[in-house]
Structure formats: structure tokens, C-alpha cells
Amino acid sequence: MNDIRAIRGMSDILPEETPYWRFLEQTVSSVLTAYGYSEIRLPILEKTALFNRSIGEVTDIVEKEMYSFEDRNGDSLTLRPEGTAGCVRAAIQHGLLSTPRRLWYAGPMFRHERPQKGRQRQFHQIGVEAFGVATPDIDAEVILLSARLWRAMGLEPQVQLQLNSIGSIEARKAYKAALTSYLLQRETDLDEDSQRRLHSNPLRILDSKNTATQALLDDAPSLQDYLDEGSADDFARLCDLLDAAGVEYVVNRRLVRGLDYYNKTVFEWVTDQLGAQGTICAGGRYDGLVEQLGGKATPAVGFAMGMERLALLLAEQWAEKSSAAIHEQPAVYAISVGDAAYKAALLALEELRNKYPGVQMVLHAGGGSFKSQMKKADKSGAELALIWGEDEVASGSVSVKPLRNATAQGQQSVPLAELDSILTTALGV
Ligand code: ATP
Ligand code: MG
């Protein structure tokens, strides 16, 4: 049993971390609902062909990161590496594309990459997809709502929006040719990864973290000069809308996305607080994907945010503020000695839970001496200990002991009927 541990890159999210996750999930759900987006829940396993056909054969994900296997029927299945493909598959399959449709989903994704801070093999995304609108007003909407998310999470000062247009598929083809011929003349000066990409997916070289390669790109043809008129107009309109709404952004002409299916608008929200894993949210327009997967041609735009990275940012920030909100400690810890006292405590706690739903009240379990139970009460972080012994049972009362508030008066015995008002005052509930 000793050597059974979690798989590398697949983390347990521990009780002290789940409050961050719940806060993030609740914030996202309420903001998205406010913008008219509905949740869709999708399977984690899909046919491998779905990802090969959507993400693109020569991307990092499909080339080397997918968890694919044959099931007992001999079908090739893949643990989803991202959510858009499955969402589009479901939208086609269930006819969700006939009207403009705003959807979101959340859940685990799987990529076999090198685990490090903010990069795991099982990680979690919340994704947002808007189908059926070709105009950049919807691009502005998804960006605006993402900006609202960071505001609602209190992360706004730490993130920056980067924006680009990668143009139509045709414009990109022309640009790809120009970039390739420029880089072919300098092939030996490129880093190893970029040399490989030059022959498979040259646009990804723009993304290279290698400084020599980046320097080489300074004089390379610019994507901007190859943009088709439609893409350039839409990009100008998007920038105009973001300006009007007061959303700050940086135009980064080297921003491309790792997945093949994007066109026109691409964007990333980045932070400098997470080292190399600085992108917390990435997305863009993917007008060709629905048709590519067998649906009726439908324009679309969307993004996905990385929950681990958001949780890391939030943890740092909340640690600074030493926010009490993250500690899910009980309000009340009840202890008792003797069978009659235990039953009195049990009944009283059930009553209190009826009256104060959502307030955490722990009834000590497992017995033990009065002293050892009191230690547990203290350790629990509870505000109040409620104590039942023979005397309390006999007189129909309970002893109340404040555990945190030094200025409060010490232990007092009160009739059960008065417990209500004491709790209301002590706990502010
Ligand atoms: P990166 O450049 O960091 O590898 P990506 O371009 O592969 O990111 P996307 O496919 O666009 O990422 O996924 C959207 C978001 O999901 C990322 O911005 C990031 O926040 C998160 N993400 C992606 N891969 C991982 C991972 N392996 N572990 C944790 N989060 C991830
Ligand atoms: Mg990646």
C-alpha cells in the first residue's frame, strides 16, 4: 500500500484549498449567469478522432500530450485535453446552434506535460463559448465578462489583457508562407523546438520563449501586414468597444494560440506572479470549427481559464490579507460526558441546525474524557464550546464557553431556552 500514491501531475485538492476553489466556482457561475450563459456538463472521455480533427494534428497537445487508449471494444478514446471540442460536439449533436447560444462548462482536463507550479497533468478549466455571432460585439462581451470575473475575484490589479488578431485562415496561410521563407534562411539560428515547428507549425515560433529566437523575429514579416480587411476592421471595432468600456489591453502582435482552430481575435489574460505559467485565461474566435466537426457553419468565440493558476493567485492574495473568509471553522463545538448528556447534546445540536442552516456546528464524536474533548474543541477553531454533563442534564441547561474572544466573560451555565439569544449575540447569526 506504501507505494500507492497519486499519479504524477494529478493533485489532490486538499480541504484547506477547497475554499479557494469554491469561491472561484461560485463567482464564475454567478457572473456567467448574469450575462446569460447556461451551464453544460460534458463527458470527460471522447473519441480520439474528435481532438485530432479539431485541435490539429501538429499541435503539442495532439502530438505528445493526449491520454489516449483503446477501450474494451477496441475504440480509441481520449481523456479530454480541453473543453471546446467536446462542447462543439455536444452543441452539434443536440442542435444547440440554431440561435445565438451562450454556454459554459467546468471540469478536469488531461495533458501529459511536465508538471510544475501551475502546470499539471490533470488540471481544471472553466470554459465559455458563444455560438452564432460573427460580429466583434460578442468578442467584446466575452472579454468584458472575463474582466468582470477578475474584478469579482479581487485579482484585477494582477492581470493584464493581451490582444491580437490572427486574421482569416487564408490570410494566415499567406503569412505562414512569408514567415517560413524568412525563417528558413535563418534556420540554424533557431532554438531546437522552433526548428521542429518550422516544418510543422511555424506560427507557434512567434510564441517561443527563447530570447535568441525572439530577437530573430524582430525583423520577421509581421502578421499585421497580412491581415485581411475584414479581420482588421473587426479588430479595430473590438478595440473601440473595449476602449469605450474602459477595459485596458495591450496589443501583442506575436500572440498566437497553440490550437489550430482559432481565427481573427485571440486574447490572453496574463500575470507576472506565476513565473513561466503566467497565462490564466486564453481564448479567441474559432469560426471554422463547427463546420470542421460536421455541423452547419457557425461562427464562435470562447475562452478557458486555468483554475489551478487562479487558485494560486487567490491563495497568495488571501494569505496577505489573512482573510478570515478562507477558514471554514465551526461556530460551535459541542462536548458531553455520559450517555444522557450525549443524547441531550445530540438533540440540542439537531435543533440548532434547524434554526441556523449553514452555520457550522460540530458534535464531538468518539467519546473520551472531558479534558480530551475540550482540547479537540479548542483545536477545532470554534468560537464557542457547548458543554453537557450530569448537572446540565439534570437542570435542563447547557454550559457555554467562549474559546476565541478574550474579552468575553468565561464559562456560564444557561437554560437551554436561552441558548438561542446567546448564540445570536456571540456568533452574529
Ligand atoms: P500554456 O501556454 O500555459 O501551456 P496553453 O496555451 O496550452 O497554455 P490553453 O489550451 O489555451 O493553454 O488553456 C487555457 C488555460 O488553461 C491556460 O491559459 C492555463 O491557465 C490553463 N492550462 C493549460 N494547460 C494547463 C496545465 N497543464 N496545468 C494547469 N493549467 C493549464
Ligand atoms: Mg500548453
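That block above? That's the structure.
Residues numbered from 1 in each chain as written. Chains lettered and ligands numbered in written order. Predicted model: local features only at pLDDT ≥ 70, side-chain atom pairs only at ≥ 80, totals over all residues. Heavy atoms only, no water.

Within the protein chain, the secondary structure is distributed over 15 helices and 16 strands. For the protein chain, the C-alpha radius of gyration of 28 Å lies well beyond 22 Å, the compact-globule estimate for 429 residues. Each principal axis of the C-alpha distribution contributes one length, and for the protein chain these read about 90 × 55 × 45 Å. Of all 429 residues assigned to the protein chain, the portion counted as buried reaches 49%. Put simply, 69% of the contacts in the protein chain that link residues at least 6 apart link residues at least 24 apart. Surface exposure of the protein chain reaches about 21200 Å², of which carbon and sulfur atoms provide 50%. (Helix = DSSP H or I, 4+ residues; strand = E, 2+ residues; numbered from the N terminus. Rg over C-alpha atoms; globule rule 2.2 N^0.38 Å. Buried < 20%, exposed > 50% of the residue type's maximum accessible area, 1.4 Å probe, protein only. Contact = heavy atoms within 4.5 Å. Areas by Shrake-Rupley, 256 points an atom, 1.4 Å probe, with all protein chains shown as cover.)

Moving on to the pairing of strand 4 (residues 76-79). Two faces belong to every sheet, and in a regular strand the side chains alternate between them. In this sheet, strand 4 lies alongside strand 2 (residues 45-47) in antiparallel orientation, the contact comprising three bridges. Paired with Glu46 across the strands is Thr78, a residue of strand 4. Where strand 3 (residues 67-70) and strand 4 come together, four bridges link them in antiparallel fashion. Looking across to strand 4, one finds that Glu70 is bridged to Ser76. Here strand 3 folds back onto strand 4 in antiparallel fashion, the turn holding five residues, of which Gly74 has a positive phi close to 85 degrees. (Pairing = 2+ DSSP bridges.)

On to the sheet that holds strand 15 (residues 397-402). The strand order across the open sheet formed by five strands is 13-12-14-15-16, and the pairing between neighbours is mixed. The two strands at the open ends of the sheet, each matched to only one other strand, are strand 13 (361-363) and strand 16 (412-415). Between one strand axis and the next, the sheet turns through 25 degrees on average, direction left out of account. Looking at chain direction, strand 12 (residues 332-336) and strand 14 (residues 384-388) are connected through five bridges and run parallel. Bridge assignment links Ser336 to a residue of strand 14, and that residue is Trp388. Along the sheet face, helix 15 (residues 419-427) touches strand 12, strand 14, strand 15 and strand 16 and points at about 160 degrees away from the line of strand 14. (Axes fitted to C-alpha atoms, helices over the stretch in contact; angles between N-to-C directions.)

In this section: the site of ligand 1. For ligand 1, the set of nearby residues contains 15 residues, the closest of which are Arg111, Glu113, Arg119, Arg257 and Thr279. Between ligand 1 and Arg111, the relevant distance is 2.8 Å, taken from an oxygen atom to a side-chain nitrogen or oxygen of the residue. Against a free-state accessible area of 580 Å², the protein chains account for coverage of 86% of ligand 1. Those elements that place two or more of their residues in the shell around ligand 1 are strand 6 (122-131), strand 10 (279-285) and strand 11 (300-306). Here the shell around ligand 1 gets four residues from one element, more than from any other, and that element is strand 10. (Near = heavy atom within 4 Å. Polar contact = N/O pair within 3.5 Å; in protein donor to acceptor, adjacent residues only side chain to side chain.)

Once that is clear, we can look at empty space enclosed by the protein. To find the voids left in a structure, one rolls a probe of water-molecule size over its atoms. As enumerated under the stated definition, the model contains one cavity of 30 Å³ or more in all. Of the pockets and cavities examined, the largest cavity occupies roughly 30 Å³. Lining the largest cavity are Leu42, Pro43, Glu46, Phe51, Arg80, Glu82, Gly83 and Gly86. For the lining of the largest cavity, a count of residues per class yields three nonpolar, two polar and three charged. (1 Å grid on protein atoms, 1.4 Å probe; cavity = no way out; pocket = protein on both sides within 12 Å on 5 of 7 lines; lining within 4 Å. Points joined across faces, edges and corners; volume = space filled by probe spheres on them. Nonpolar A, V, L, I, M, F, W, Y, C, P; charged D, E, K, R; others polar.)

With that settled, consider a nonpolar patch on the surface. On the surface, Tyr342, Leu346 and Leu347 cluster together into a nonpolar patch covering about 260 Å² of accessible area. On the secondary structure map, Leu347 appears in helix 12 (residues 339-355). Looking at Leu347, the relative accessible area reads 56%, which means it is exposed. (Patch = residues over 30% accessible without salt bridge, like charges linked within 9 Å, V, L, I, M, F, W, Y side chains within 5 Å. Salt bridge = Lys/Arg side-chain N within 4 Å of Asp/Glu carboxyl O.)

Once that is clear, we can look at the nonpolar core. In this structure, Ile40, Phe131, Leu179, Leu183 and Tyr286 are the most contacted members of the largest nonpolar core, which totals 45 residues. Where this core is concerned, the elements lending two or more residues are helix 2 (48-55), helix 3 (60-65), helix 4 (84-93), strand 5 (101-110), strand 6, helix 6 (169-184), helix 8 (211-217) and helix 10 (289-292). Here this core takes five residues from helix 4, the largest share from any one element. Those residues within four positions of Tyr286 in sequence are excluded, and the remaining contacts are Thr84, Val88, Glu129, Phe131, Tyr261, Tyr262, Asn263, Ala300, Val301 and Gly302. One finds Leu32, Ala140, Leu161 and Phe267 within the second-largest nonpolar core, a separate group that totals 44 residues. (Core = buried A, V, L, I, M, F, W, Y, C linked by side-chain atoms within 4.5 Å.)

With respect to topology, three strands assemble into an open sheet ordered 2-4-3, the strand pairing being antiparallel. Each edge of the open sheet carries a strand with a single partner, namely strand 2 and strand 3. Averaged over all pairs of adjacent strands, the angle between strand axes in this sheet comes to 35 degrees, irrespective of strand direction. With respect to the sheet, helix 2 is in contact with strand 2, strand 3 and strand 4, its orientation differing from that of strand 2 by roughly 75 degrees.

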